[in-house]
Amino acid sequence: MEDIRRILKVNMESPFWDESYKKALAEPEVPRWLDGKFLTQMQREKNFLTKVYDRMAAAADAVLQVKELVLLVKTLKNIIAYENPENFGYHDAYIVRPYTEAFTAFELPKAPEGTDPLAYESVCVFPIVAHLVNWIELMEARGVDEDVIRKTTDYWCGAVAGDLTVPISVGLFQNYSSCIYRDELFISPMRFQLCPSYPYRIKVFANEDNDVVIMADDTKMHRSGHTWGPWKLSDEEGAYYAKVTEDETHYEGNAINQDTYLCESHTTRLPKSDWHLVYKSGDALVRIHLAGSAGFKRDLCENAINRAKEIFARCFPEYDFKGVTGYAWFMGPELIPVLKPESNLYQFRQMFHAFPSAAGAKDSMQYIFGIHGKEPWEVDIDGLPEDNSLRRGVKEQMKKGNYIRNHGGFILFK
């Protein structure tokens, strides 16, 4: 059979083309995720691609009229991701190849002159749709709550489908790895990410009353109590190396002060009779990401976190989750004098045990002042706006050299 790329007059090269094309030939001639009845059922039962469904269904019908496009879609689906034959849990059940690894040349096919361009302009969204359908069924098989699956699917489908009234761009397709087999679930107002092995340089201890002590471990600390690093924290004076040690009766290390959120230069001893190790670097965690403009209202966040604990424990039993973690600008200790105790952000932070982790302060500039890609020492601090209390307080802290750095937070899982 003549190479479909030659028939479609498209420059598309991949080191995985031959094996993926061979697999496509062995698959059903009409895959279910290109079948109008199946897509209609998915839309009716799961609100799948609701915002663009009518256009998507028409595009699927159009693709099915060109057998070379059908083979192209199936081949691309096989190139971008495949089932891992040696998986040990959901996190690595499917391997998603990065775009730069999957393709050495890529362009979208163009419709022959005088024909409706719909099939050609939308063809590259369907390989992503195929894997989204598979993700939904994987989550259903694990028993993830239907409303959570639907919310999560809605959250990502907009990024996948885009606006089908205009041609699908190469850039949209290149972004497929951010849309398929996400290890995240959307539980309003947050996204929760499955992290099977998280490398925080800390150890976490708890007692029978669920009191928590966090110690910096196997990492260099700045004299300020921040993690040592190149972000205005690289001077050696007063720096020290923090590592948790233990003997038959005690753990000993540099604890994180929960009033300042910073590491103490003196060591603390914890008797093993009262304290047990909860988390060490490499253990499984569930990480929080705020979704879009979601707020920090404590009761909503607390309910979401408790629900996430239940769902992740029940639906991903192969992982021994040790905690729920946040890692963001809003955990920074420099916000302590800025936030009012009655504020939502202050109340949200109080749910966590905080700890420093090597990071700059770009995120705070982006989320507080809308300045992208710059550290605070790279901007005119005096010229920053003061139109709300958070901006005024943060600006005042930065003028003192107290930059709002990303910080970590930990909540016991059990």
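Everything here concerns the structure above.
What counts and what doesn't
- Residues numbered from 1 in each chain as written.
- Predicted model: local features only at pLDDT ≥ 70, side-chain atom pairs only at ≥ 80, totals over all residues.
- Heavy atoms only, no water.
- Helix = DSSP H or I, 4+ residues; strand = E, 2+ residues; numbered from the N terminus.
- Buried < 20%, exposed > 50% of the residue type's maximum accessible area, 1.4 Å probe, protein only.
- Contact = heavy atoms within 4.5 Å.
- Areas by Shrake-Rupley, 256 points an atom, 1.4 Å probe, with all protein chains shown as cover.
- Lys, Arg positive; Asp, Glu negative; His and termini not counted.
- Charge placed at Lys NZ, Arg CZ, Asp CG, Glu CD.
- Salt bridge = Lys/Arg side-chain N within 4 Å of Asp/Glu carboxyl O.
- Polar contact = N/O pair within 3.5 Å; in protein donor to acceptor, adjacent residues only side chain to side chain.
- Pairing = 2+ DSSP bridges.
- Axes fitted to C-alpha atoms, helices over the stretch in contact; angles between N-to-C directions.
- Arc of directions from axis to C-beta.
- Phe/Tyr/Trp six-rings, centres within 6.5 Å; stacked < 30°, edge-to-face > 60°.
- Lys NZ or Arg CZ within 6 Å of the ring centre and 35° of its normal.
- Core = buried A, V, L, I, M, F, W, Y, C linked by side-chain atoms within 4.5 Å.
- Parallel < 35°, antiparallel > 145°, perpendicular 65-115°, else oblique.
- Left-handed = near helix turned anticlockwise from the far one by under 90°.
- Nonpolar A, V, L, I, M, F, W, Y, C, P; charged D, E, K, R; others polar.

Draft legend 1. Inspection of the overall build of the chain at higher detail. Within the chain, the regular secondary structure consists of 14 helices and 17 strands. Overall, the C-alpha framework of the chain stretches about 75 × 55 × 40 Å when taken along its three principal axes. Burial analysis of the chain (414 residues in total) assigns 52% to the buried set. Long-range pairs, those at least 24 residues apart, make up 72% of the contacts in the chain with a sequence separation of at least 6. Accessible surface, the chain: about 19600 Å² in total, of which carbon and sulfur atoms supply 47%. Distance between charge centres in the chain, computed from 48 positive and 60 negative side chains, equals 2 Å.

Draft legend 2. Focus on the pattern of salt bridges. Taken as a whole and judged by the stated rule, the model has 24 salt bridges. In this structure, E137 and R32 form a salt bridge, with 2.6 Å as the shortest nitrogen-oxygen distance. A residue pair is termed long-range when its members are at least 10 positions apart, and E137 in helix α8 (residues 126–142) and R32 in the loop between α2 (17–26) and α3 (36–46) qualify at 105 residues. Accessibility expressed as a relative area gives 26% for E137, which makes it partly exposed. On the basis of relative accessibility, which here comes to 38%, the residue R32 falls in the partly exposed class. Measuring nitrogen to oxygen at the nearest pair gives 2.7 Å for the salt bridge that ties K395 to E386. A relative accessible area of 5% means that K395 is categorised as buried. Overall, E386 belongs to the partly exposed group, its relative accessible area being 44%. Each of the salt bridges in this network shares a partner with another, and the network as a whole consists of D145, D147, R307, E310 and R314.

Draft legend 3. Geometry of the side chain of H407. Within the secondary structure, H407 is located in strand β17 (residues 407–412). A distance of 2.7 Å separates the side chain of H407 from the backbone oxygen of Y261, its partner in a polar contact. Sequence-distant contacts of H407, that is, excluding residues within four places in its chain, are made with H226, Y261, L262, G326, Y327, A328, M331, G332, P333, A354, F355 and P356.

Draft legend 4. Layout of the pairing of strand β10 (residues 250–257). Bridge analysis of strand β6 (residues 212–216) against β10 gives two bridges, and the strand direction is antiparallel. In the sheet register, M215 faces β10, and the bridge partner there is A255. Judged from the two bridges that link them, strand β9 (residues 245–246) and β10 form a sheet pairing that is antiparallel. Its bridge partner lying in β10, T245 is registered against E252. Counting the residues in the hairpin turn of β9 and β10 gives three residues. Looking at chain direction, β10 and strand β12 (residues 268–271) are connected through four bridges and run antiparallel. Within β12, the residue paired with Y251 across the bridge is L270. Of the pairings in the sheet, the one linking β10 to strand β11 (residues 262–263) comprises two bridges and is antiparallel in character. Its bridge partner lying in β11, N257 is registered against L262. The hairpin turn running from β10 into β11, its antiparallel successor, is four residues long, and Y261 in that turn takes a positive phi close to 70°.

Draft legend 5. Seen up close, the sheet that holds strand β3 (residues 184–187). Pairing within the open sheet is mixed, and its six strands lie in the order β3-β4-β14-β15-β17-β16. Strand pairing shows two members of the sheet lacking a second neighbour, β3 and β16 (353–356), which therefore form its edges. Neighbour to neighbour, the strand axes of the sheet diverge by 30° on average, direction disregarded. This element, helix α11 (residues 298–315), spans β3, β4 (190–195), β14 (284–290), β15 (321–328) and β17 of the sheet and lies at about 30° to β4.

Draft legend 6. Here's a closer look at helix α13 (residues 362–369). Of the residues making up α13, those classed as buried are S364, M365, I368 and F369. Considered in projection along α13, the buried side chains sweep an arc of 100° and stay on one side of the axis. Along its buried surface, α13 packs onto α14 (389–399).

Draft legend 7. Highlighting the packing of aromatic side chains. One pass over the structure, following the stated rule, counts 26 aromatic pairs. For the pair Y94 and Y181, a centre-to-centre distance of 4.3 Å together with 10° between the ring planes defines the contact as stacked. With a gap of 87 residues between them, Y94 in strand β2 (residues 94–96) and Y181 in the loop between α10 (170–174) and β3 connect regions that are remote in the sequence. Ring geometry for Y99 versus F106: centroids 6.0 Å apart, planes at 75°, classification edge-to-face. A single burial state applies to Y99 and to F106, both of which are buried. Over the aromatic face of W17 sits the side chain of R5, whose NZ or CZ is 4.1 Å from the ring centroid.

Draft legend 8. Fine view of the nonpolar core. Judged by nonpolar contacts, the single largest core of 106 residues is most densely connected at F103, F126, F192, F312 and F316. At nine residues, the largest contribution of residues to this core is made by α8. When sequence neighbours within four positions are dropped, the list of residues in contact with F103 reads M12, E13, S14, L76, I79, I80, F173 and Y176. Judged by nonpolar contacts, the second largest core, of 22 residues, contains V212, V278, Y327 and A359.

Draft legend 9. Looking closely at the packing of helix α5 (residues 67–80) against α8. Where α5 contacts α8, the two axes come as close as 8 Å, and the packing angle between them is 60°. Our classification of the angle between α5 and α8 gives oblique. As for the relative orientation of α5 and α8, their crossing is right-handed in sense. Contacts from V73, L76, K77 and I80 in α5 reach F126, P127, I128, A130 and H131 in α8. In terms of residue class, the contact of α5 with α8 is made up of seven nonpolar, one polar and one charged.

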